[in-house]
Amino acid sequence: MKMIRWTLFVGLLLSPWVQAAQAPAPLAQHPPGGAVASAHALATDAGLQILRDGGNAFDAAVAVSSVLSVVEPISSGIGGGGFFLLHDAKTGQDHFIDAREIAPAAATPQAYLKPDGSFDRDRAENGPWSAGIPGLPAGLVHLATRHGRLPLKQSLAPAIRIAREGFPIYARFARGYESRREVMERYKGTRAVFLADGDAPEEGEVFKQPDLARTLELLAEHGFDGFYRGPVAKKLLEGVKAEGGRWTAGELAGYRIKEREPLRFEYDGWQIVTAPPPSSGGIALAQMLQMLEPWDLAKLTQAERVHLTVEAMRRAYRDRTFFLGDPDFVKISMRQLTSADYAAGQRSTINPRKATPSDLLSGEQTPMEDEDTTHFSIIDAEGNRVAATQTVNLLFGSGMVVPGTGVLLNNEMDDFALKPGTPNAFGVMGYDANAPKPGKRMLSSMTPTFMVSQDRVAVLGTPGGSRIITMVLLGILGYADGLDAQAVAALPRYHHQWMPDAIGIERDALPDDVVAALRAMGHTVNSPKEAPAGRRSSDAWGNLQTVEWDRRANVLRGGTDPRNPVGRAGMIEAP
Ligand code: GLY
C-alpha cells in the first residue's frame, strides 16, 4: 500500500501538470512599458509623453527634471544642482552624473563670519553668498547628449511651454513662499517674478515665468554655452554682483559635471546601487544596512527593530560628520567605511537593549529647517532606469532670482561646514573634510538609489535634507520586507543623525507603547504630538517617489508620496 502511494506521488511530481504548477514564472527580459514617479503631475506627464514620443528614460529624465525646475521652484531648479543615477539596459552599466554646485573662490570660511567672529547664518542661507555655481543645466545637457536619443530641444519643450503659459499654484508653494517671504522680497529679481501681479503668490493663481522660459530656450538652442557663457552668464554675473556677491566668468564657463562610479553593495539578496561622495548617502546606507543585516528584523518587536535601526543611523551619521566631503578634495577611505568588517565592528558596539548616548554636544538642539529638494524615478520599456534627486537646498533656495533670467539661485553653500562644528540648517555638522574651497562640491545627503534582486528592480529616492538617507534606508527595508511601491512611499518615518542625540518621528509614526519602550531603553524621542506650544516641529517629512518592476509578474508599479497631493506615479504600455 505504502509503495503504491509513493509511486503515485513520484509519478505526480514528474507529471507535466505538477511541473508547470510548481515552476516559477520565467523572468521577463523587458518591462511591459514605462513608469515615472515625481513630485508634480505635470512633470510625470511630461516624462511619460517623451517616452511615448520615442525617447528613452534619459530623455524622459531631462523632461521631468526641467519641468520640476519650473513648477517646483520651492525645491529645485536650473539655479541649483542634482545627482542622476542611470542604468543603461543595453550595456548593463550604471552611471552616476554629479551635477552638484561648486563653491565660488570668494566663498572662503571667513566670508561667513560677522565682524565679531560669530557665524553669519543669514549670509549662509540667503542671497548671493549662499549660492554655489549651478550644476543642473550642465547635467541636463550631458544627460541628453551622452545618454538620450532625442534632441535637447524636444525634451526641454514641456518645461519651456509651462514656464511661459504658467501652472496653478498649489498649497505647498504658497505656504513655502509665505515662510520665505521676508528673504525673497529683499531681491529685485525675485519681486519681479513672484510679485508680478502686485501680490504674493496664492493657491490656484496661474504662475508664469517668461524669463525662465527664455533661459531654457537658450539652453535648448546652445547647450552648455546657452547658460554658462553668453547673455545668460552675463546676467548671472551682473545680478550676483549687484546684490553684493562675487562670481567670475571663469567659474561659470569652467563648471563641469562629473561622471562618478556608483557605490554598490549587497543587502539581504538585493544589490543596492547608490550615490557615491560627494553624497554622504551611499556610504551611510552601506554602513547602516551592513550593520543591520545579521538581524532578522521581521522577527523583532517594533520597538526592538526601531532601536537597532536607530543605533545604526547614529553610528553612520557620526562618520558622516568627520570623514565625508568632496572626493576630489579629501581622501575618503571608501574601502574601510563601506566594508562588512567595519560594519561588524560598529555593530559590536550596539547594545540590543539600550541606547548608546551620542557624544555630548554642548548648546541647544538645532531645530531642523523645512527641507526641500525633489526626487523622481523612471523605468522605460527597454529596462533603462533613472533615479534623480535635485535641489536648490532650503525652501526657494537663496530666495534670489537673477534679474532677466528667471533663475532662482540655490543656497547650497550652507551644506558646507562653513564654520567647523557649527550645525547647518539641517542640524548636521562637519569639519575639514567638508570645509569650503574654490571649486569644491559641498557634501550632500541626496541618495538616488536602485535595488535589484533576482526578480525585482526598484528605483527610489526622496527630498528631506539630512533625513533623506534614513528615509531611503526605511524604503529599502520596506522593499526588502516585500512591500510594493505605493506602500514604500507611504511608510511612516523616524530618524536619528547622531547629533542631536534624539530620535525624531513623524506625527503618529510610532504607537505610544513603542515610544515608551524606546524611552525605557534610554532613547530621547521627539514626537510632534508632544512639542511644546510655540516650538516648530514638522508632522510629515519627505516626498518619496519610487517605481518598481516585478520581473516575475512582469508588471510595473509606481509609488508617490501620499504626503504630497500634487505628486503622481504614472505608467504607459509599451507601443
Ligand atoms: N541640499 C540638500 C542636500 O544636498 O543634501
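Residues numbered from 1 in each chain as written. Predicted model: local features only at pLDDT ≥ 70, side-chain atom pairs only at ≥ 80, totals over all residues. Heavy atoms only, no water.

**Notes on the overall build of the protein chain**
The secondary structure content of the protein chain amounts to 20 helices and 20 strands. Against the globule reference of 25 Å for 575 residues, the protein chain gives a C-alpha radius of gyration of 24 Å, in line with a compact fold. Along the first, second and third principal axes, the C-alpha set of the protein chain runs to 95 × 60 × 45 Å. Within the span of the protein chain, comprising 575 residues, buried residues form 61% of the whole. Taken as a whole, the protein chain presents about 22300 Å² of accessible surface, with 54% of it coming from carbon and sulfur. If you average the places of the 60 positive and of the 66 negative side-chain charges in the protein chain, the two averages end up 3 Å apart. (Helix = DSSP H or I, 4+ residues; strand = E, 2+ residues; numbered from the N terminus. Rg over C-alpha atoms; globule rule 2.2 N^0.38 Å. Buried < 20%, exposed > 50% of the residue type's maximum accessible area, 1.4 Å probe, protein only. Areas by Shrake-Rupley, 256 points an atom, 1.4 Å probe, with all protein chains shown as cover. Lys, Arg positive; Asp, Glu negative; His and termini not counted. Charge placed at Lys NZ, Arg CZ, Asp CG, Glu CD.)

**A short note on the sheet that holds strand S13 (residues 449-452)**
The strands making up a sheet are joined through hydrogen bonds of the backbone, oriented either antiparallel or parallel. A sheet is described by the order of its strands in space; here six strands give the open sequence S7-S8-S13-S14-S18-S19, paired in antiparallel fashion. In this open sheet, the two edge strands, each paired with only one partner strand, are strand S7 (263-267) and strand S19 (555-560). Taking the axes of each pair of neighbouring strands and ignoring which way they run, one obtains an average angle of 15° across the sheet. Note: S7 against strand S8 (residues 270-274), five bridges, orientation antiparallel. Pairing of Phe-265 across the sheet is with Ile-272, part of S8. Docked against the sheet, helix H14 (residues 281-292) engages S7, S8 and S13, running at close to 20° with respect to S7. (Pairing = 2+ DSSP bridges. Axes fitted to C-alpha atoms, helices over the stretch in contact; angles between N-to-C directions. Contact = heavy atoms within 4.5 Å.)

**Structural notes on the side chain of Thr-44**
Position of Thr-44 among the secondary structure elements: in helix H3 (residues 41-52). Polar contacts involving the side chain of Thr-44 include one to the side chain of Ser-38, which spans 2.9 Å. Residue contacts for Thr-44: discarding those within four places in its chain leaves Val-36, Ala-37, Ser-38, Arg-568, Ala-569 and Gly-570. (Polar contact = N/O pair within 3.5 Å; in protein donor to acceptor, adjacent residues only side chain to side chain.)

**Description of the confidence of the model for the protein chain**
In the predicted model, the protein chain carries a mean pLDDT of 93, and 93% of its residues have values of at least 70. Overall, residues 1-20 carries pLDDT values under 50, and its contacts beyond four positions in sequence, including any with other chains, amount to five contacts. In this model residues 360-369 is a low-confidence stretch, pLDDT under 50, and it forms 22 contacts with partners more than four residues away in sequence or in other chains. (pLDDT = per-residue confidence, 0-100.)

**Observations regarding empty space enclosed by the protein**
This model, assessed by the stated rule, comprises five cavities of 30 Å³ or more. Around the largest cavity, the lining comprises 25 residues; the ones closest to its centre are Arg-320, Asp-415, Phe-426, Leu-443 and Ser-445. Its residues placed into classes, the lining of the largest cavity shows eight nonpolar, 11 polar and six charged. One number sums up the size of the second largest cavity: a volume of about 100 Å³. What lines the second largest cavity is a set of 14 residues, and nearest its centre among them are Ser-69, Pro-73, Leu-212, Gly-406 and Leu-408. Within the residue set of the lining of the second largest cavity, elements represented by two or more residues are helix H9 (188-194) and strand S12 (407-408). Split by residue class, the lining of the second largest cavity holds eight nonpolar, six polar and no charged. (1 Å grid on protein atoms, 1.4 Å probe; cavity = no way out; pocket = protein on both sides within 12 Å on 5 of 7 lines; lining within 4 Å. Points joined across faces, edges and corners; volume = space filled by probe spheres on them. Nonpolar A, V, L, I, M, F, W, Y, C, P; charged D, E, K, R; others polar.)

**Considerations on the sheet that holds strand S10 (residues 385-391)**
Spatially, S6-S3-S2-S10-S9-S1-S20 is the arrangement adopted by the seven strands of the open sheet, whose pairing is antiparallel. For this open sheet the edge positions go to strand S6 (258-260) and strand S20 (568-573), each flanked by a neighbour on one side alone. Averaged over all adjacent pairs, the angle separating strand axes in this sheet is 15°, with direction ignored. Across the face of the sheet, H3 comes into contact with strand S1 (33-38), strand S9 (374-379) and S20 while running at roughly 15° to S20. Docked against the sheet, helix H6 (residues 136-147) engages strand S2 (81-88), strand S3 (93-99), S6 and S10, running at close to 15° with respect to S2.

**Quick notes on the site of the ligand**
Every residue close to the ligand is listed here: Arg-100, Thr-391, Asn-393, Glu-412, Asp-415, Ser-444, Ser-445 and Met-446. Taking Arg-100, its side chain carries an N or O atom lying 2.9 Å from an oxygen atom of the ligand. Between Glu-412 and the ligand, the recorded distance is 2.5 Å, taken from a side-chain N or O atom to a nitrogen atom. Surface burial for the ligand is 99%, taken as the share of its 190 Å² of free accessible area covered by protein chains. Of the pockets mapped on this structure, the ligand occupies the largest cavity. Its residues placed into classes, the shell around the ligand shows one nonpolar, four polar and three charged. (Near = heavy atom within 4 Å. Sits in = over half its atoms within 2 Å of the grid points.)

**Concerning helix H7 (residues 152-165)**
Because an α-helix completes one turn every 3.6 residues, residues spaced three or four positions apart along the sequence face the same direction. Here H7 contains 14 residues, and its C-alpha end-to-end distance of 20 Å stays within 8% of the 20 Å for a straight helix at 1.5 Å per residue. Along H7, the sharpest kink reaches roughly 35°, centred on Pro-158. Listed as buried for H7 are Leu-152, Ser-155, Leu-156, Pro-158, Ala-159, Ile-160, Ile-162 and Ala-163. Looking at the buried side of H7, the elements it contacts are H3, helix H4 (57-71), H6, strand S4 (167-168) and helix H10 (210-222). Of the residues one or two after H7, Gly-166 is the one with positive phi, at around 90°. (Expected span 1.5 Å × (residues − 1). Bend = angle between axes of the 7 residues up to and from the residue.)

**Some points on the environment of Gln-29**
Along the polypeptide, Gln-29 turns up in the loop between helix H2 (16-22) and S1. On the basis of relative accessible area, Gln-29 is assigned to the exposed category, the value being 58%. Spatially, the C-alpha atom of Gln-29 lies 9.8 Å from that of Arg-552, the residues being 523 residues apart in sequence. Non-local contacts of Gln-29, meaning those with residues more than four positions away in its chain, are made with Trp-549 and Arg-551. Side-chain polar atoms of Gln-29 contact the backbone oxygen of Leu-27, separated by 3.2 Å.

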